[in-house]
Amino acid sequence: MKLRKAVFPAAGLGTRFLPATKAQPKEMLPLVDKPIIQYGVEEALASGCDQILIITGRGKQAIEDHFDVSYELERMLEDRKKIDLLKIVRSISDMIHVAYVRQKEALGLGHAVLMARELVGNEPFAVLLADDVIDAKVPCLKQMVEVFDQTQCSVLATQVIEGKMISSYGVLDVKPADGRFGGRLYEIKNMVEKPKPEDAPSNLAIIGRYILTPAIFDCLANTQAGAGGELQLTDGMRLLLQKEKMYAYVYEGRRHDTGDKLGFLKATVEFALKREDLGQPFREYLKGLKL
Ligand code: UTP
């Protein structure tokens, strides 16, 4: 089967970014001049997905408006002959059809993914967590699609995290898979959500890119809520592992955790330095700072 659908859970409360996220979604915070969720949507399109589903909640209206047509703005830009800006604005709403599902209460990432069940149906789908912005030559999801196309199994993107920070992630217990993907592919034996550093089965963390088979929905429906009443995606995936083979793929690229203030600042600097229009003056500015 081919991967066509990409799900973006975006109903979380974004508490790490308060007060900015009190009245606006963290997914709309701009990295230079583009909301972080747009980076993820562009990655999904570049990876072959043609159906985007965003799981939203209260206070997330700005995401829907962003991917919608803005007649007033377009007319104003047309009248003022701001053709370049008009192109940018139109390209966002022309990009693709986006569907939305509401998660009424933020009951966890697993619960958010379960909300996608009806629209995804009985086919594989990707899950992208927008605040993991991944800068890569080949889009991260596209790398994973290559694995999926060959294995037809669920594939999780993984990254080595050294030291105590591993406790902030879902962590994988793995064995090496065959050599087809240059030693980057592992078969998953088990996984555990946010273990203590001494209990972590490896230093391979699950990051915000997944390709899942539809069997995950039954698994999530049969998973009990964990700590804080939240339904954990990792717990659902552990059930899936009892039914199907799953793979972990060490993606090539650089991930920025933009849901975290320091991660967001670092990403902003790196993305701005790479920009043709801003890179040079911004570099000059940074050099002039007495640090
Ligand atoms: P996070 O763990 O980053 O939580 O969620 P959060 O609420 O967004 O942010 P913090 O930690 O409070 O700052 C991971 C992803 O799962 C989504 C979030 O929107 C984010 O993309 N999510 C989480 C939901 O859609 N629903 C939930 O109930 C929880």
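A few points on the structure. Every value quoted in this text rests on a predicted model; they were computed, and no experiment measured them.

### Section: the overall build of the protein
- Looking only at helices and strands, the protein features 11 helices and 13 strands.
- Computed over C-alpha atoms, the radius of gyration of the protein comes to 20 Å, within 12% of the 19 Å expected from 2.2 N^0.38 for 291 residues, which places it in the range of a compact globule.
- Here the C-alpha coordinates of the protein stretch approximately 60 × 50 × 40 Å along the principal axes.
- Burial status across the protein gives 47% buried among its 291 residues.

### Here's the deal with the packing of aromatic side chains
- What the rule picks out here adds up to five aromatic pairs.
- Here the aromatic rings of F17 and F264 are separated by 5.2 Å at their centres, their planes lie at 85°, and the arrangement is edge-to-face. In this pair, F17 sits in the loop between strand 1 (5–9) and strand 2 (30–31) while F264 sits in helix 10 (residues 261–274), placing the two residues 247 residues apart along the sequence.
- Accessibility expressed as a relative area gives 10% for F17, which makes it buried.
- Look at Y39 and F271: their rings are 5.3 Å apart centre to centre, the planes differ by 85°, and that puts the pair in the edge-to-face class. Linking Y39 in helix 1 (residues 36–46) with F271 in helix 10, this pair joins segments that are 232 residues apart in sequence.
- For F271, a relative accessible area of 14% translates into the label buried.
- A cation over a ring is seen here: K34 above Y39, with NZ or CZ 4.6 Å from the ring centre.

### Comments concerning the environment of G279
- Tracing the sequence through the fold places G279 in helix 11 (residues 279–288).
- Sequence-distant contacts of G279, defined by excluding residues within four places in its chain, comprise A272 and L273.

### Observations concerning the site of the ligand
- Close to the ligand lie 18 residues; T15, R16, K26, Q103 and G108 are nearest.
- In the environment of the ligand, an oxygen atom lies 3.1 Å from a nitrogen or oxygen atom belonging to the backbone of L107.
- Protein chains shield 82% of the accessible area of the ligand, which is 570 Å² for the free molecule.
- Across the shell around the ligand, the residue classes break down as nine nonpolar, five polar and four charged.

### With respect to the state of the cysteines
- Under the definition given, this model contains zero disulfides.
- Here C49 stays free of any disulfide, with the sulfur of C140 as its closest cysteine sulfur at 12 Å.
- Judged by relative accessible area, C49 falls into the buried class, the value being 3%.

### Quick look at the pairing of strand 4 (residues 51–56)
- The buried fraction of strand 4 is high, at five of six residues.
- Across five bridges, strand 1 lies against strand 4 in parallel orientation. Its bridge partner lying in strand 4, K5 is registered against Q51.
- Summarising the sheet, strand 4 and strand 5 (residues 98–102) pair through five bridges and their orientation is parallel. Looking at the pairing, I55 lines up with V101 of strand 5.

### Overview of helix 1
- When you tally the buried positions in helix 1, you get eight out of 11 residues, the bulk of the element.
- Taken as a whole, helix 1 has its buried residues at I36, I37, Q38, Y39, G40, V41, E43 and A44.
- Looking one or two places after helix 1, you find G48, whose phi comes out positive at around 100°.

Scoring rules and cut-offs
Residues numbered from 1 in each chain as written. Predicted model: local features only at pLDDT ≥ 70, side-chain atom pairs only at ≥ 80, totals over all residues. Heavy atoms only, no water. Helix = DSSP H or I, 4+ residues; strand = E, 2+ residues; numbered from the N terminus. Rg over C-alpha atoms; globule rule 2.2 N^0.38 Å. Buried < 20%, exposed > 50% of the residue type's maximum accessible area, 1.4 Å probe, protein only. Phe/Tyr/Trp six-rings, centres within 6.5 Å; stacked < 30°, edge-to-face > 60°. Lys NZ or Arg CZ within 6 Å of the ring centre and 35° of its normal. Contact = heavy atoms within 4.5 Å. Near = heavy atom within 4 Å. Polar contact = N/O pair within 3.5 Å; in protein donor to acceptor, adjacent residues only side chain to side chain. Areas by Shrake-Rupley, 256 points an atom, 1.4 Å probe, with all protein chains shown as cover. Nonpolar A, V, L, I, M, F, W, Y, C, P; charged D, E, K, R; others polar. Disulfide = S-S within 2.5 Å. Pairing = 2+ DSSP bridges.

Purely geometric numbers; function is a separate question.
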